[in-house]
Amino acid sequence: MGAITDVPGMRVGHQQKSGEGWLTGVTVVLPPPGTCGSVDVQGGGPATHETDALDPTTLVSTVDAVVLTGGSAYGLASAAGAQRWCEENGRGFAVPGGVVPIVPAAAIFDLGRGGDFSARPTADMGYTATAAAAAQLEGHDVGRGNVGAGTGAVMARTYKGGIGTASATLDNGVVVGALVVVNALGLPFGTTTQLTEPGSVRLSEERASTPRASADGAEASQGTPLNTTLVVVATNAVLDVAECKRTAAASHAGIARALNPSHTLADGDTVFCLSTQAVALDRSDEAARQFSLITLQSAAADVVRLAILDGVAGAEAVSTPAGDYGVYGAR
């Protein structure tokens, strides 16, 4: 299904810890310099950092790195490590005396899943993940499943979630990719824990045509549901900040197509959109502009859905002192 790194210049780095009370990590998406970006938050329980700076009405239009992390609000400390790496490498908004890196971040709730509530991502982990991204070659493969911010991710408090990625290339040469962290309250679209026999789920294209199930799939998450699906959408198309914002909003449709339920009060569903400014869209007239943007945004929603299913398929079962998390659909 491709990867977000099919967008030229995009790199991804992971850092994680497991065992001895740990089950968490950090994933950093490192775009090329000059990348434009924005964000759209539609979940009711987000844990985010520097998202206001990505509003189309604010001063800065570029993004130096995006941090996806475990540890809930505590884990947002990992963004400081990514920012430190960017400063050391001269990446950021130029100000007198230096640069100020623009490093937005979002976190999933995985506190205590390894057995120790205090085992959460640190600034050093954010630095290491950023350095790992920078060390990757162009177009590198992306680690999936139980890596980075997906290390402690689960679905419906029962099944293991994780990192997933996908991409699509349009006829006009525009590439759209997505990277996700699946830590959802819901389950894959059209299935529930009551209606699906283990082993009967196929994470495939036919998912889109299955009937929407009720919220019964969330019954396994009774108690305190603390969940989030995090997404970074990237494209080489030339977009301004407002168009990135609109593309991020449209990409939320991919979450809704892949997971049921989604965007609940208990989810922190957040989508970032990054544009590397490499391929101009057809803007010869207003109709052409609209068609170009609608085509791109529809593709973005599609790759988000595929990336989520990829994250579910790539997850591996884990057992910790806090609980056992199996593979969704496994016998």
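As shown above, the structure is provided for reference.
The structure displayed is predicted, hence computed values, not measured ones. Just so you know, the residues in each chain are numbered from 1, in the order the chain's sequence is written. Residue-level local features of this predicted model are given only where pLDDT is at least 70; pairs of side-chain atoms are given and counted only at 80 or more, and the full residue set underlies all totals for whole chains, interfaces and linings. Here the side-chain values reflect all heavy atoms present in the structure, with hydrogen atoms and water set aside.

J.: Honestly, the overall build of the protein in this entry has me stumped. Any pointers?
T.: What counts as a helix is a DSSP run of H or I of at least four residues, what counts as a strand is a run of E of at least two, and both are numbered from the N terminus. Along its length, the protein carries 5 helices and 18 strands. With a 1.4 Å probe rolled over the protein chains alone, any residue whose accessible area is under 20% of its type maximum counts as buried; one over 50% counts as exposed, and the rest are partly exposed. A total of 331 residues make up the protein; the buried ones form 56% of that total. Surface exposure here means Shrake-Rupley accessible area, sampled with a 1.4 Å probe, where a residue is shielded only by the protein chains that are shown. In the structure as shown, the protein presents an accessible area of about 12600 Å², 52% of it carried by carbon and sulfur atoms.

J.: What should I look at first to understand the packing of helix H4 (residues 241–258) against helix H5 (residues 286–314) in this one?
T.: A packed helix pair is summarised by two numbers, namely the angle formed by the two axes and the spacing between the axes. At a minimum axis distance of 7 Å, the contact between H4 and H5 shows a crossing angle of 40°. Taken together, H4 and H5 sit at an angle that is classed as oblique. At the point where H4 passes H5, the crossing takes the right-handed sense. Mapping the contact onto sequence places Glu243, Arg246, Thr247, Ala250, Ser251, Ala253, Gly254, Ile255, Arg257 and Ala258 in H4 and Arg289, Leu293, Leu296, Gln297, Ala300, Ala301, Asp302, Val304, Arg305 and Ile308 in H5. Under the scheme applied here, ten amino acids are nonpolar (Ala, Val, Leu, Ile, Met, Phe, Trp, Tyr, Cys and Pro), four are charged (Asp, Glu, Lys and Arg), and all others, including Gly, are polar. Taken together, the residues of the contact of H4 with H5 sort by class into 10 nonpolar, 4 polar and 6 charged. For helices, the fitted axis covers only the stretch in contact; all axes are lines through C-alpha atoms, and the angles between them, taken along N-to-C directions, range from 0 to 180 degrees. With respect to orientation, any angle under 35 degrees is reported as roughly parallel, any angle over 145 as roughly antiparallel, any angle of 65 to 115 as roughly perpendicular, and every other angle as oblique. Left-handed describes a crossing whose near helix is turned anticlockwise from the far helix by less than a right angle; the clockwise case is right-handed. Note on contacts: a residue pair is in contact if any heavy atoms of the two residues lie within 4.5 Å.

J.: What exactly am I supposed to notice about the sheet that holds strand E3 (residues 36–41) here?
T.: In a beta sheet, neighbouring strands pair by backbone hydrogen bonds and run either parallel or antiparallel. Strands are labelled as partners when DSSP assigns at least two bridges between them. Spatially, E3-E16-E14-E12-E11 is the arrangement adopted by the 5 strands of the open sheet, whose pairing is mixed. The open sheet is flanked by E3 and strand E11 (163–169), the only strands paired with a single partner. Put simply, the sheet's adjacent strands are angled 15° from each other on average, direction ignored. Judged from the 7 bridges that link them, E11 and strand E12 (residues 175–183) form a sheet pairing that is antiparallel.

J.: Please explain the state of the cysteines as it appears in this structure.
T.: Note: disulfide means a covalent bond formed between the sulfur atoms of two cysteine side chains. Criterion for a disulfide: a pair of cysteine sulfur atoms at a distance within 2.5 Å. Inspection of every chain in the model, using the stated rule, returns 0 disulfides. In this structure cysteine 273 is not part of a disulfide, and its nearest cysteine sulfur, from cysteine 244, lies 4.2 Å away.

J.: Quick question: what am I supposed to make of the side chain of histidine 14 here?
T.: Among the secondary structure elements, histidine 14 is positioned in strand E1 (residues 11–19). Polar contacts, as counted here, are pairs of nitrogen or oxygen atoms within 3.5 Å of one another; within protein the pair requires one atom able to donate a hydrogen and one able to accept it, and residues that are adjacent in sequence qualify only if both atoms are side-chain atoms. A polar contact is formed between the side chain of histidine 14 and the side chain of threonine 27, at a distance of 2.8 Å. Polar side-chain contacts of histidine 14 include one of 3.1 Å to the backbone oxygen of glycine 143. Apart from residues no more than four positions distant in its own chain, histidine 14 is found in contact with Val26, Thr27, Ala129, Ala132, Val142, Gly143, Val147, Gly148 and Ile163.

J.: I keep staring at helix H3 (residues 123–134) and nothing clicks. Help me out?
T.: Because an α-helix packs 3.6 residues into every turn, residues spaced three or four apart end up facing the same way. Expected span of a helix, by definition, is 1.5 Å for each gap between consecutive residues, and there is one gap fewer than residues. Given a rise of 1.5 Å per residue, 12 residues ought to cover 16 Å, and the 17 Å separating the end C-alpha atoms of H3 matches this to within 8%. When we look at burial in H3, the residues that qualify are Met125, Gly126, Ala129, Thr130 and Ala133. An end-on view of H3 places all buried positions within 135° of arc, on one side of the element. Considering only its buried residues, H3 is in contact with E1, strand E2 (22–30) and helix H2 (78–88). By construction, the arc corresponds to the directions joining the helix axis to the C-beta atoms.

J.: How should the environment of glycine 152 be read in this particular structure?
T.: Structurally, glycine 152 can be placed in the loop between H3 and strand E9 (154–155). Its relative accessible area of 0% is what places glycine 152 among the buried residues. Glycine 152 sits 30 residues away from valine 182 along the chain, and the two C-alpha atoms are 9.9 Å apart.

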